[in-house]
Amino acid sequence: MHADLRVRLTPRADRDALSVREDGVLAVRVTAPPVDGRANDALCRLLAARAGVGRRSVSILRGHHARDKVVRVEGLDEEALRARVG
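The structure contained in this document is the topic of the report that follows. Note on numbering: residues in each chain are counted from 1, in written sequence order. Where totals are concerned, whole chains, interfaces and linings use all residues; where local detail is concerned, this predicted model gives features only for residues with pLDDT of at least 70, and gives and counts side-chain atom pairs only at 80 or more. Side-chain calculation: all heavy atoms of the structure are included, whereas hydrogens and water are not.

Tracing the backbone shows lysine 69 in strand E5 (residues 68-74). Here's how the labels work: a residue is buried when its accessible area is under 20% of the maximum for its type, exposed when over 50%, partly exposed in between, all with a 1.4 Å probe on protein chains only. The positive count covers Lys and Arg only, the negative count covers Asp and Glu only, and His and the chain ends enter neither. Salt bridge, as applied in this entry: a Lys or Arg side-chain nitrogen positioned within 4 Å of an Asp or Glu carboxyl oxygen. Aspartate 68 is the oppositely charged side chain nearest to the buried, salt-bridge-free lysine 69, at an N-O distance of 8.8 Å. The term polar contact refers here to a pair of N or O atoms within 3.5 Å; inside protein, the definition further demands a hydrogen-donor-capable atom paired with an acceptor-capable atom, and it admits residues adjacent in sequence only when both atoms are side-chain atoms. Looking at lysine 69, its side chain comes within polar contact range of the side chain of asparagine 40, at 2.9 Å. Among the polar contacts listed, one links the side chain of lysine 69 to the backbone oxygen of histidine 64, at a separation of 3.4 Å. By the convention used here, residues are in contact when the closest approach between their heavy atoms is within 4.5 Å. Ignoring sequence-local partners within four residues, the contact set of lysine 69 consists of Leu5, Arg6, Val7, Leu9, Asn40, Leu43, Ile60, Arg62, Gly63 and His64. By the criteria applied, helices consist of DSSP H or I runs no shorter than four residues and strands consist of E runs no shorter than two, each listed in order from the N terminus.

Turning our eyes to something else, we now look at unusual backbone geometry. Non-glycine residue arginine 12 carries a positive phi angle of around 55°. Take arginine 12: it is sitting in the loop between strand E1 (2-10) and strand E2 (17-20). Judged by its relative accessible area of 58%, arginine 12 is exposed. A positive phi angle, close to 55°, is found at aspartate 36, a residue other than glycine. In this structure, aspartate 36 sits in the loop between strand E3 (26-29) and helix H1 (38-51). A residue is classified by how much of its surface remains accessible, and aspartate 36, at 72% relative accessible area, is exposed.

What follows is about the sheet that holds E5. Consider a sheet: its strands pair through backbone hydrogen bonds, and that pairing is either parallel or antiparallel. Pairing between strands is defined by DSSP: at least two bridges between them are needed. Spatially, five strands are ordered E2-E3-E1-E5-E4 in an open sheet, and the strand pairing comes out mixed. Edge positions in the sheet fall to E2 and strand E4 (58-62), since each of these pairs with one other strand and no more. This sheet shows a mean twist of 35° between the axes of neighbouring strands, independent of strand direction. Bridging between E2 and E3 involves four bridges; their strand directions are antiparallel. Its bridge partner being in E3, serine 19 is matched across the sheet by alanine 27. Comment: axis = line fitted to C-alpha atoms, over the contacting stretch for helices; angle = value between 0 and 180 degrees taken between N-to-C directions. Where H1 meets the sheet, it contacts E1, E2, E3, E4 and E5, and its direction lies at approximately 130° from that of E4. Against the sheet, helix H2 (residues 78-85) engages E1, E2, E3 and E5, with an angle of about 40° to E1.

Shown next, in the form of structure tokens:
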């Protein structure tokens, strides 16, 4: 069981935050810079913490070098993930 989410990542934010946009995309802000994959790691850690799963259960499927990404969370269906994340 897994859920795939469309994510819009904003690095170098003032604080880490999650919100859902009107189009259903999850807007994620992280304080980490987009250097050496640090923003992607921060994204995965934040989603794992909010979803209540281990860090290794969260992976980026598409968009490693872009702001728009598709992220997979293992162990939860989409409905359960949306309820936990926002």
